[in-house]
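For reference, the chains in residue letters:
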Amino acid sequence: MKKLIKKEKVTDKKFIIIFILIVFSFFHDLIKDSFEKNLDKFDCSRIINLIQENKKNIEIYNNLSTILKNDDTIILENNSSIKNFVLILGESISRNHMSLYNYQHKTTPLLDTLKEEGNLFVFKDVISPHAQTIPSIKKIFSFLSYESENKKAWYEYKNLINIVNKAEYKTFWYSNQESYGKYGNIPAAIASLTNYSFFNATKEALDNDLYNAFLNTFDKNKGEKNFIIFHLMGAHASYGNRYPDNFNFFNKNDYNFKFKSKYNDRVVEYDNAILYNDFVVSNIISLFKDQESIVLYFPDHAEETLDFREFIGHGDANYSKYMLEIPFLIFVSDKLKNSNPNLIKNIKNSLNNPYMTDDVIHTILDILNINTPDFDKTRSIINPNFNKNRKRILIDGKNYDSDLKNNL
Ligand SMILES: [Zn+2]
């Protein structure tokens, strides 16, 4: 043990913590069973592996962050004038569970109202390129798309944050997700490019914490033009941990389940999480409604919840269309409606366009009126020249429109 620790250059403080952990786990097992039986479970290598993995993760984060910051972004034309561009990146949200998209339970009452008032535009046919977070995020924030997947690494493509920084936006990142580790390294490295970032450190914290974090920090740091990202935990499993008790609203007796399954309760919890997400997203929108602002909301991917088989969750390995069919919403403030009528017209004309969010960087730059060598207006969902015939090819080569859309 001592030898191993020396090799790993573990400091005295860490050694004491590790020692306490070992002693604790040792006695914990002893209580349950005999000493002889548990001797083989006394495994130092597991702890050493943990330390090594942590070290590796920190290295990956540092390397990525350095590569991304080494920036030679070129801007061909910058006619951006919108005061606030807000991107709310959701998590595991299925449009098939939103009343905004005709789901039978009233899970999005606040967004429904914003739509009725004429400030929220609902895109009908948008999918995510993946059924899991990290591969989706790489494509959302860079020019990487399925067509260019194997040409170079995602971080070698120009990325959204470097571009908007160069276009003189003050950039902000408010996150309720991990700031390091297997799932946190890549979003955190992208966030490190922003002028101000906030990661909610509390485990199982609720998304609305970001609303308060914004109130406490934005005014001190804001600029003339601001690009603000909120990265939510949304309706990620475990669903029951995503909302406070007062959002425990839906009742299992009001549901007609397709299966008798041990997961039926999870579906009800999922809908409660969608109801809370409706509250969080509307709350964030309310922060910007009195200024010249545009808010784009969509999640990294959707979620399957007993839709056609006894399965609940998401992941590229076992994906289905239910994990890809996402909401895609644009909120425009009254001030923006007045200052930018042409943009509003283009948005209204594009609500039925088929889209996959590996191209969303083109839409964002189009809205902002920023042109770069990689920008392609035919890949922006709101552009009059949008290419409606672009195939939506998924990770295993299947075509969403011909192979999945109208099937299970
Ligand atoms: Zn995700």
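Residues numbered from 1 in each chain as written. Predicted model: local features only at pLDDT ≥ 70, side-chain atom pairs only at ≥ 80, totals over all residues. Heavy atoms only, no water.

**Structural notes on the overall build of the protein chain**
Thought 1: The secondary structure content of the protein chain amounts to 14 helices and 12 strands.
Thought 2: Across the 408 residues in the protein chain, those meeting the buried criterion constitute 53%. (Helix = DSSP H or I, 4+ residues; strand = E, 2+ residues; numbered from the N terminus. Buried < 20%, exposed > 50% of the residue type's maximum accessible area, 1.4 Å probe, protein only.)

**Some thoughts on the pairing of strand S5 (residues 196-199)**
Thought 1: Alignment of strand S4 (residues 170-175) against S5, held across 4 bridges, turns out to be parallel. When the bridges of S5 are listed, Tyr174 appears paired with Phe198.
Thought 2: This β-α-β element, S4 to helix H8 (residues 185-191) to S5, shows right-handed connectivity. (Pairing = 2+ DSSP bridges. Right-handed = clockwise from strand over helix to strand, strands pointing away.)

**Thoughts on the packing of aromatic side chains**
Thought 1: Under the counting rule described, the total for this entry stands at 25 aromatic pairs.
Thought 2: Where Tyr174 meets Tyr196, the ring centres are 5.8 Å apart and the plane angle is 45°; that geometry is what we call tilted. Taken together, the positions of Tyr174 in strand S4 and Tyr196 in strand S5 put the pair 22 residues apart, joining distant regions of the chain.
Thought 3: Pairwise contacts between aromatic rings join Phe172, Tyr174, Tyr196, Phe198, Phe214, Phe218, Phe230 and Phe288 into one cluster.
Thought 4: Positioned above the aromatic ring of Tyr157, the side-chain terminus of Lys152 is 4.7 Å from the ring centre.
Thought 5: Above the plane of the ring of Phe311 lies Arg309, whose end atom (NZ or CZ) is 5.1 Å from the centre. (Phe/Tyr/Trp six-rings, centres within 6.5 Å; stacked < 30°, edge-to-face > 60°. Lys NZ or Arg CZ within 6 Å of the ring centre and 35° of its normal.)

**Some remarks on the pattern of salt bridges**
Thought 1: For the structure shown, the criterion picks out 18 salt bridges.
Thought 2: Residues Glu147 and Arg379 are paired through a salt bridge, measuring 3.3 Å at the closest nitrogen-oxygen approach. Here Glu147, found in the loop between helix H6 (133-140) and helix H7 (160-166), pairs with Arg379, found in the loop between strand S12 (370-371) and helix H14 (400-404); they are 232 residues apart in sequence, far enough to count as distant.
Thought 3: Looking at Arg379, the relative accessible area reads 19%, which means it is buried.
Thought 4: Among the salt bridges present, the one from Arg266 reaches Glu269, with a minimum N-O distance of 3.2 Å. Placement of both Arg266 and Glu269 in helix H10 (residues 264-286) is noted, with a separation of 3 residues, approximately one turn of the helix.
Thought 5: Residues joined by salt bridges that share partners form a network here, namely Glu147, Asp358, Asp359, Asp376, Arg379 and Arg390. (Salt bridge = Lys/Arg side-chain N within 4 Å of Asp/Glu carboxyl O.)

**Digging into the confidence of the model for the protein chain**
Thought 1: Looking at the protein chain, the pLDDT average stands at 91 and 89% of residues meet or exceed 70.
Thought 2: Here residues 34-39 is a poorly scored stretch, pLDDT under 50, and it has 4 contacts once near neighbours within four places are set aside; other chains count. (pLDDT = per-residue confidence, 0-100. Contact = heavy atoms within 4.5 Å.)

**Topic: the sheet that holds S5**
Thought 1: One open sheet holds the 8 strands; their spatial order is S5-S4-S6-S2-S7-S10-S3-S11, and the pairing between them is mixed. The sheet is open, and its two borders are formed by S5 and strand S11 (355-356), each paired with just one other strand.
Thought 2: Sheet analysis places strand S3 (residues 120-127) next to strand S10 (residues 325-332), joined by 6 bridges and oriented antiparallel. Among the inter-strand pairings, Leu120 is bridged to a residue of S10, identified as Phe331.
Thought 3: Across the face of the sheet, helix H9 (residues 209-221) comes into contact with strand S2 (84-90), S4, S5 and strand S6 (226-231) while running at roughly 160° to S4. (Axes fitted to C-alpha atoms, helices over the stretch in contact; angles between N-to-C directions.)

**Points about the packing of helix H5 (residues 109-116) against H10**
Axis angle and axis distance: for two packed helices, these are the angle between their axes and the distance between the axes, and together they describe the pair.
Thought 1: In contact at an axis separation of 7 Å, H5 and H10 are set at 45° when each is read in the N-to-C sense. Here H10 runs oblique to H5, going by the angle between their axes. Contacts between H5 and H10 pair Pro109, Leu110, Leu111 and Leu114 from the former with Leu275, Asp278, Phe279, Val281, Ser282 and Ile285 from the latter. (Parallel < 35°, antiparallel > 145°, perpendicular 65-115°, else oblique.)

**Topic: the nonpolar core**
Thought 1: Counting 56 residues, the largest nonpolar core has Phe141, Ile294 and Ile347 as the members making the most contacts within it.
Thought 2: The element contributing the most residues to this core is helix H13 (residues 360-368), with 6 residues.
Thought 3: Those residues within four positions of Ile294 in sequence are excluded, and the remaining contacts are Ile82, Asn84, Phe85, Val86, Ile330, Phe331, Val332, Leu336, Leu343, Ile347 and Ile367.
Thought 4: Within the second largest apolar cluster, 47 residues are counted, among which are Tyr103, Phe230, Val267 and Tyr276. (Core = buried A, V, L, I, M, F, W, Y, C linked by side-chain atoms within 4.5 Å.)

**Points about empty space enclosed by the protein**
Thought 1: Overall, the coordinates contain 1 cavity of 30 Å³ or more when judged by the stated rule.
Thought 2: Considering only enclosed or pocket space, the largest cavity measures out at about 60 Å³ in volume.
Thought 3: Contributing to the lining of the largest cavity are Pro354, Tyr355, Met356, Asp359, Phe386, Asn387, Arg390 and Arg392.
Thought 4: Classifying every residue of the lining of the largest cavity by side-chain character gives 4 nonpolar, 1 polar and 3 charged. (1 Å grid on protein atoms, 1.4 Å probe; cavity = no way out; pocket = protein on both sides within 12 Å on 5 of 7 lines; lining within 4 Å. Points joined across faces, edges and corners; volume = space filled by probe spheres on them. Nonpolar A, V, L, I, M, F, W, Y, C, P; charged D, E, K, R; others polar.)

**Brief notes about the side chain of Ser145**
Thought 1: Along the polypeptide, Ser145 turns up in the loop between H6 and H7.
Thought 2: A polar contact of 3.0 Å, which involves the side chain of Ser145, links it to the side chain of Glu147.
Thought 3: Non-local contacts of Ser145, meaning those with residues more than four positions away in its chain, are made with Lys139, Asp358, Asp359, Arg379 and Arg390. (Polar contact = N/O pair within 3.5 Å; in protein donor to acceptor, adjacent residues only side chain to side chain.)

**Brief notes about H13**
Thought 1: With 9 of its 9 residues buried, H13 lies for the most part within the structure.
Thought 2: Within H13, the full set of buried residues consists of Val360, Ile361, His362, Thr363, Ile364, Leu365, Asp366, Ile367 and Leu368.
Thought 3: Phi for Asn369, located one or two positions after H13, is positive at around 65°.

**A short note on unusual backbone geometry**
Thought 1: Here the bond from Ala237 into Ser238 is cis, since omega is 0°, no more than 30 degrees from zero.
Thought 2: Mapped onto the elements, Ser238 comes out in the loop between S6 and H10.
Thought 3: At Glu168, a residue that is not glycine, the phi angle is positive and equals roughly 70°.
Thought 4: Mapped onto the fold, Glu168 is located in the loop between H7 and S4.
Thought 5: By relative accessible area, which is 62% here, Glu168 ends up exposed.

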